[in-house]
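Here is how the chains run, residue by residue.
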Amino acid sequence: MKQDLLKQEVERTFGHQLKETRDFEELSHLLLSHTRERLSPTTLKRFWGYLKNEEVQTRPHTLDVLARFVGYKNYEDFCGHADCLDEVQSGIKAEERITSEGLRRGQRLIITWRALFG
C-alpha cells in the first residue's frame, strides 16, 4: 500500500520509527519547519495507527505534506514514483536504470538528488 511506503519514507527521513507521543510531536514541529505546513501530532498519530479505536480517513492534505517532507511535490508525485524506485543496499534510490547502450548520440543525461533536510 502506498501509504505504508510513505510512512516508511517519512520514518527514514525522520531518522527512526514513530513509537511514542514525543516522536509525533517532534515530527509535527519538523514538518512545520521544513514544509511550512502544520500537521498536528494527533493527525500524525491517527495516520500511523497509534490511536486505537479511531477510524482513519486520511485527508489528501496530510498525504501531500508528508510527501513534500520526503522530497516530492505532493502525494500524487510520490505515488507516481513509489513503484518504480529501485532501492540498493546503500539506501540510494534511482528512478530508472540507465546504461550507456541505452543512450543515443547527443542525448543528455541529467543527474539530480534531493536533500533530506534543507
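Calculation notes
Residues numbered from 1 in each chain as written. Predicted model: local features only at pLDDT ≥ 70, side-chain atom pairs only at ≥ 80, totals over all residues. Heavy atoms only, no water. Helix = DSSP H or I, 4+ residues; strand = E, 2+ residues; numbered from the N terminus. Buried < 20%, exposed > 50% of the residue type's maximum accessible area, 1.4 Å probe, protein only. Contact = heavy atoms within 4.5 Å. Areas by Shrake-Rupley, 256 points an atom, 1.4 Å probe, with all protein chains shown as cover. Arc of directions from axis to C-beta. Phe/Tyr/Trp six-rings, centres within 6.5 Å; stacked < 30°, edge-to-face > 60°. Lys NZ or Arg CZ within 6 Å of the ring centre and 35° of its normal. pLDDT = per-residue confidence, 0-100.

**Q** Any chance you could break down the overall build of the protein for me, citing the residues and the numbers?
**A** Along the protein, the regular secondary structure elements total five helices and two strands. Written out in order from the N terminus, the α and β elements of the protein read α-α-α-α-α-β-β. For the protein, buried positions account for 30% of its 118 residues. Contacts in the protein between residues at least 24 apart in sequence constitute 51% of all its contacts with a sequence separation of at least 6. Carbon together with sulfur atoms contributes 47% to the accessible area of the protein, which is approximately 8700 Å² in total.

**Q** How would you explain helix α3 (residues 41-48) if you had to name every residue and give the values?
**A** Within α3, burial applies to P41, L44, K45, F47 and W48. The buried residues of α3 all sit within an arc of 160 degrees when viewed along its axis, so they share a single face. Buried residues belonging to α3 abut α1 (2-14), α2 (21-35) and α4 (60-69). After α3 finishes, the residue G49 shows a positive phi value of roughly 75 degrees.

**Q** For the packing of aromatic side chains, give the residues involved together with the corresponding values.
**A** Applying the stated criterion to the full structure yields five aromatic pairs. Consider the rings of F24 and W48, whose centres lie 6.3 Å apart with planes at 70 degrees: the pair is edge-to-face. Of the two residues, F24 is situated in helix α2 and W48 in helix α3; the sequence distance between them amounts to 24 residues. Here the guanidinium or amino end of K7 rests over the ring plane of F47, the centre of that ring lying 5.0 Å away.

**Q** Give me the confidence of the model for the protein: which residues, what numbers.
**A** Mean pLDDT over the protein stands at 79; residues scoring 70 or higher make up 72%. Taking the mean pLDDT of every element in the protein, the minimum, 34, falls on strand β1 (residues 86-87) and the maximum, 95, on α2. Counted against residues more than four places away or in other chains, residues 83-94, with its pLDDT under 50, gives 16 contacts.

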